[in-house]
Amino acid sequence: MTKANVAEQGINLDDPRYYINRDLSWLGFNERVLHEALDPRTPLLERLKFLAIYSSNLDEFFMVRVSGVMEQEDAGIHPHTPDGMSPTKQLKALREHLMEKIALQHETFEQDLRPQLQEHGVYLLNHSDLTKEQKFYLKDYFEHRIFPVLTPLSVDPAHPFPRMSNLSLNLAVRVVNPENGNQRFARVKVPGSLPRFIEMPEQLRIYKGESCLWLGVPLEQVIAENLDSLFPGMTLVGHHAFRITRDADFPVLEEEADDLLIAIEQEINKRRLEGFVCRLEVEHSMPQDLLDGLMRELQMNEDRVYTIDGLLNLKDLFFFGSLPLPELKEEPWSWLTPYRLRPVLDVDNEDKNTY
């Protein structure tokens, strides 16, 4: 239909009802990724992969698209999208959609996929579910592999709130000095250089008397159970996992750059520490006063907080795709040459063989 036909029919192309919001449309696409994880017809390890893809997509979406809308709102700029939504209205609609879908994502993993993994001998357990022998192994693993790479940072008048890197998983720790009763907040970063899930050696892969194909626990739980080694002489009050997402949409000013490659490297480095926090994911067990303190230090409001009932950062579920369980994966795809192209390819191969 031409513009003349539209004008003749009295259709106003500026009418918002003829348009779909760009960011809500993208969420609709990512929801279809989530549906692949919800579909019981999809092989089990593929369902885990789609949960990981859903989380990975959301990270990128927040770092680029959502952060941009937040910048418009914070700057007091209120342009309306073609569908008639202001930045504030967009953020509200995005949050309403995500609150429901993220809850569904974690519910699917915890109540559906995790039990199914156990049926196939794959046990991702909590530290409290382990035997004494397994806990002893993890204690030794912590002392030799984890402890040397940890850097706990406490917050007090002499030590300001630490800068945290983008997409980092952390533990918010409360400790009390028994001598004077002073309470302090400390942050322990879960190191990304170590595997997210710590695997038990073969002789300890036993759960309730039965041997397992794979048995492990999340890295952050092992750190949490050994916090007394990081804060000697202090009384531990509590610990709660949280994860931050920063704005990563930094433009490269090509005209002003003397060296384009260096300019790109500088902008990429900014993504790690300099972008404002556009999302804070926290464990559901985190008390409100501790959450309030985090929001204050990170200079954000509660509209950017997502409370998670389960494991944070499901992007790490990609790991389970490496397990030797081909029956729980899609069959490998083998390429086929269309019949009509076979003579052409055969000729090409003959030519190559003549050299």
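Throughout what follows, the structure given in this document is the object of discussion.

Counted under the stated rule, the structure contains 13 aromatic pairs. Taken together, a centroid distance of 5.4 Å and an interplanar angle of 80 degrees make the contact between Trp-214 and Phe-320 edge-to-face. Of this pair, Trp-214 sits in strand E8 (residues 214–218) while Phe-320 sits in the loop between strand E11 (305–308) and helix H9 (342–353); the two residues are 106 residues apart in sequence, bridging distant segments of the chain. According to the relative accessible area criterion, Trp-214 is buried, its value standing at 1%. Through a chain of ring-to-ring contacts, three or more aromatic side chains come together here, namely Trp-26, Phe-29, Phe-61, Phe-62 and Tyr-306. Over the face of the ring belonging to Tyr-306 we find Arg-95, whose NZ or CZ atom lies 4.9 Å from the ring centre. Sitting over the face of the ring of Phe-62, Arg-279 holds its NZ or CZ atom 4.5 Å from the ring centroid.

For the rest of this paragraph, the subject is the sheet that holds strand E5 (residues 197–199). By way of backbone hydrogen bonds, the strands of a sheet pair with one another, either parallel or antiparallel. Spatially, the 3 strands line up as an open sheet ordered E1-E8-E5, and their pairing is mixed. This sheet does not close on itself; its edge strands, each paired only once, are strand E1 (122–124) and E5. Here the strands of the sheet are splayed against their neighbours by 25 degrees on average, with no regard to which way each runs. The pairing of E1 with E8 spans 3 bridges and is parallel. In the strand pairing of E8, Leu-124 is matched with Gly-216. The strands touched by helix H5 (residues 132–146) are E5 and E8; relative to E5, the strand with the most contacts, the crossing angle is about 115 degrees.

Attention now goes to the packing of helix H3 (residues 44–74) against helix H4 (residues 87–119). When two helices pack together, their arrangement is given by the angle between the helix axes and by the axis-to-axis distance. Where H3 contacts H4, the axes come no closer than 11 Å and their chain directions differ by 160 degrees. Relative to H4, the element H3 is oriented roughly antiparallel. The interaxial crossing formed by H3 with H4 has left-handed handedness.

A few words on the packing of helix H2 (residues 22–38) against H4. Between H2 and H4, the least distance of the axes is 11 Å, while the angle of their chain directions is 5 degrees. Considered as vectors, H2 and H4 are oriented roughly parallel to each other. Counted together, Asp-23, Leu-24, Leu-27, Glu-31, Leu-34, Ala-37 and Leu-38 of H2 and Gln-90, Ala-93, Leu-94, His-97, Leu-98, Lys-101, Leu-104, Gln-105 and Thr-108 of H4 form the full contact between these two elements. In terms of residue class, the contact of H2 with H4 is made up of 9 nonpolar, 4 polar and 3 charged.

For H2, spanning 17 residues, the distance from its first C-alpha to its last is 25 Å, which sits close to the expected 24 Å at 1.5 Å a residue. Within the span of H2, buried status applies to Asp-23, Leu-27, Asn-30, Glu-31, Val-33, Leu-34 and Ala-37. End-on view of H2: buried residues confined to an arc of 155 degrees, all on one side of the axis. Among the exposed residues of H2, those pointing more than 90 degrees away from its buried face are Arg-22 and Arg-32. Lining the buried residues of H2 we find H3 and H4. In this structure Asn-21 caps H2, since a side-chain oxygen of it lies 3.0 Å from the backbone nitrogen of Asp-23.

About the criteria used
Residues numbered from 1 in each chain as written. Predicted model: local features only at pLDDT ≥ 70, side-chain atom pairs only at ≥ 80, totals over all residues. Heavy atoms only, no water. Phe/Tyr/Trp six-rings, centres within 6.5 Å; stacked < 30°, edge-to-face > 60°. Helix = DSSP H or I, 4+ residues; strand = E, 2+ residues; numbered from the N terminus. Buried < 20%, exposed > 50% of the residue type's maximum accessible area, 1.4 Å probe, protein only. Lys NZ or Arg CZ within 6 Å of the ring centre and 35° of its normal. Pairing = 2+ DSSP bridges. Axes fitted to C-alpha atoms, helices over the stretch in contact; angles between N-to-C directions. Contact = heavy atoms within 4.5 Å. Parallel < 35°, antiparallel > 145°, perpendicular 65-115°, else oblique. Left-handed = near helix turned anticlockwise from the far one by under 90°. Nonpolar A, V, L, I, M, F, W, Y, C, P; charged D, E, K, R; others polar. Expected span 1.5 Å × (residues − 1). Arc of directions from axis to C-beta. Polar contact = N/O pair within 3.5 Å; in protein donor to acceptor, adjacent residues only side chain to side chain.

This is a description of form; function is not addressed.
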